[in-house]
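A closer look at the structure
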Amino acid sequence: AQSVTQLDSQVPVFEEAPVELRCNYSSSVSVYLFWYVQYPNQGLQLLLKYLSGSTLVESINGFEAEFNKSQTSFHLRKPSVHISDTAEYFCAVSLSGAGSYQLTFGKGTKLSVIP
Amino acid sequence: GAGVSQTPSNKVTEKGKYVELRCDPISGHTALYWYRQSLGQGPEFLIYFQGTGAADDSGLPNDRFFAVRPEGSVSTLKIQRTERGDSAVYLCASSFVPTEAAEAFFGQGTRLTVV
């Protein structure tokens, strides 16, 4: 069975500082990787995903994540955060080619951007 | 509709009662998913529908939980003989096509409290 570990439950960071949210996964088969974000009082939204090809993927609002197969990681980074990035971030995987379309989520990381 | 709609947004019920939670997916989305998010945890998969049929119900915790999607659009999650441990946020998501790589669009959830 697959699993996702997000080591940090809360990450406080000052505005305009860089941030990294860590995600590690475990799976015996190939996976697709996702980061979802939940802003206050809103539903989960897809931030970015890795399916294949370039291991570095980017979102439209400046986040990026790099798939590292050897370390089974998919860490999320942003070089300079804004107040509006305050949200909870969830890393998730789905099994490639398994015919099972469910997502397995980590426990989430709450990012708090401090003015 | 513009997004995935879930009703009610909040539900308080007494232990032992029956509850129904409704999900109205994005128009045209053939795949529909139910997840459950307990406090401090990430969403956990419950069941997936492709059209009217439940293609994967491996996440349903026991036979008190049941879900239907009779016309391939709206879905209802039904919980019999509710227990305090059923308290959680129940999330519904839909996607245009059922693949492991598809983006899932989430509703804001129904917060169920069993007292």
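Below, the structure is looked at part by part. What you see is a predicted model, and the numbers here were worked out from it, not measured in a lab.

1. Overview of the overall build of chain B
What chain B contains, in helices and strands, is zero helices and eleven strands. Radius of gyration (C-alpha) of chain B: 13 Å, near the 13 Å computed for a compact globule of 115 residues. With the C-alpha coordinates aligned to their principal axes, the bounding extent of chain B is approximately 40 × 25 × 25 Å. Residues classed as buried in chain B amount to 46% of the 115 residues present. For chain B, the proportion of contacts with a sequence separation of at least 24, taken over those separated by at least 6, is 54%. Per element, the accessible surface of chain B, about 5,400 Å² overall, is 48% carbon and sulfur. Taken together, the 11 basic and 12 acidic charged side chains of chain B have centroids lying 9 Å from each other.

2. Topic: the interface of chain B and chain A
Taken together, the contacts link 22 residues of chain B with 25 residues of chain A. Across the chain B to chain A interface the summed buried area is about 1,800 Å²; carbon plus sulfur atoms make up 56%. Connecting chain B to chain A are zero salt bridges. Applying the counting criterion to the chain B and chain A interface returns three residue pairs in polar contact (both at pLDDT 80 or more). Counting residues per element, the ones that place at least two in the side of chain B that touches chain A are strand 4 (31-37) and strand 5 (44-50) of chain B. Of the residues forming the side of chain B that touches chain A, the biggest block, three residues, is contributed by strand 4 of chain B.

3. A word on unusual backbone geometry
The general pattern is negative phi for most residues beyond glycine and trans for most peptide bonds. A cis amide bond, omega -10°, links Thr 7 of chain B with the succeeding residue Pro 8 of chain B. As for its placement among the helices and strands, Pro 8 of chain B is situated in the loop between strand 1 (5-7) and strand 2 (10-13). In this structure, Glu 16 of chain A is a non-glycine residue whose phi angle is positive, near 75°. Its place among the elements puts Glu 16 of chain A in the loop between strand 2 (10-14) and strand 3 (19-21). Positive phi, close to 65°, is recorded for Asn 41 of chain A, a residue that is not glycine. Mapped onto the elements, Asn 41 of chain A comes out in the loop between strand 5 (31-38) and strand 6 (45-50).

4. Comments concerning the pattern of salt bridges
Residue and element names in this part refer to chain B. Here the structure, examined in full by the defined rule, presents six salt bridges over all chains. We note a salt bridge from Asp 24 to Arg 22, for which the minimum N-O separation is 4.0 Å. The exposure class assigned to Arg 22 is partly exposed, which follows from its relative accessible area of 40%. Each of Arg 64, Glu 83 and Asp 86 takes part in a single network of salt bridges with overlapping partners.

5. Considering the packing of aromatic side chains
Counted under the stated rule, the structure contains 13 aromatic pairs over all chains. Centre to centre, the rings of Tyr 50 of chain A and Phe 67 of chain A are 4.6 Å apart; their planes meet at 25°, and the pair counts as stacked. Here Tyr 50 of chain A is found in strand 6, whereas its partner Phe 67 of chain A is found in strand 8 (residues 64-68), with 17 residues between them in sequence. Its relative accessible area of 8% is what places Tyr 50 of chain A among the buried residues. Residue classification places Phe 67 of chain A among the buried positions, given a relative accessible area of 14%. An aromatic cluster of three or more residues is present, and its members are Phe 34, Tyr 36, Phe 90 and Phe 105 of chain A together with Tyr 35, Phe 45 and Phe 106 of chain B.

6. Here we look at the nonpolar core
All names here are of chain A. Residues Leu 33, Trp 35, Leu 47, Leu 48, Phe 74, Leu 76 and Tyr 89 are the most contacted members of the largest nonpolar core, which totals 29 residues. Elements supplying a minimum of two residues to this core: strand 2, strand 3, strand 5, strand 6, strand 8, strand 9 (73-78), strand 10 (87-95) and strand 12 (109-114). In terms of residue count, the dominant contributor to this core is strand 10 (five residues). Apart from the residues within four sequence positions on either side, Phe 74 is in contact with Cys 23, Leu 33, Phe 34, Trp 35, Leu 48, Lys 49, Tyr 50, Val 57, Ala 65, Glu 66 and Phe 67.

7. Focus: the side chain of Thr 109 of chain A
Residues and elements named next belong to chain A. In this fold, Thr 109 is placed in strand 12. The class of Thr 109 is buried, set by a relative accessible area of 1%. At a separation of 2.6 Å, a polar atom in the side chain of Thr 109 contacts the main-chain carbonyl oxygen of Asp 8.

The rules we used
Residues numbered from 1 in each chain as written. Chains lettered and ligands numbered in written order. Predicted model: local features only at pLDDT ≥ 70, side-chain atom pairs only at ≥ 80, totals over all residues. Heavy atoms only, no water. Helix = DSSP H or I, 4+ residues; strand = E, 2+ residues; numbered from the N terminus. Rg over C-alpha atoms; globule rule 2.2 N^0.38 Å. Buried < 20%, exposed > 50% of the residue type's maximum accessible area, 1.4 Å probe, protein only. Contact = heavy atoms within 4.5 Å. Areas by Shrake-Rupley, 256 points an atom, 1.4 Å probe, with all protein chains shown as cover. Lys, Arg positive; Asp, Glu negative; His and termini not counted. Charge placed at Lys NZ, Arg CZ, Asp CG, Glu CD. Buried area = accessible area lost by both parts, 1.4 Å probe. Salt bridge = Lys/Arg side-chain N within 4 Å of Asp/Glu carboxyl O. Polar contact = N/O pair within 3.5 Å; in protein donor to acceptor, adjacent residues only side chain to side chain. Phe/Tyr/Trp six-rings, centres within 6.5 Å; stacked < 30°, edge-to-face > 60°. Core = buried A, V, L, I, M, F, W, Y, C linked by side-chain atoms within 4.5 Å.

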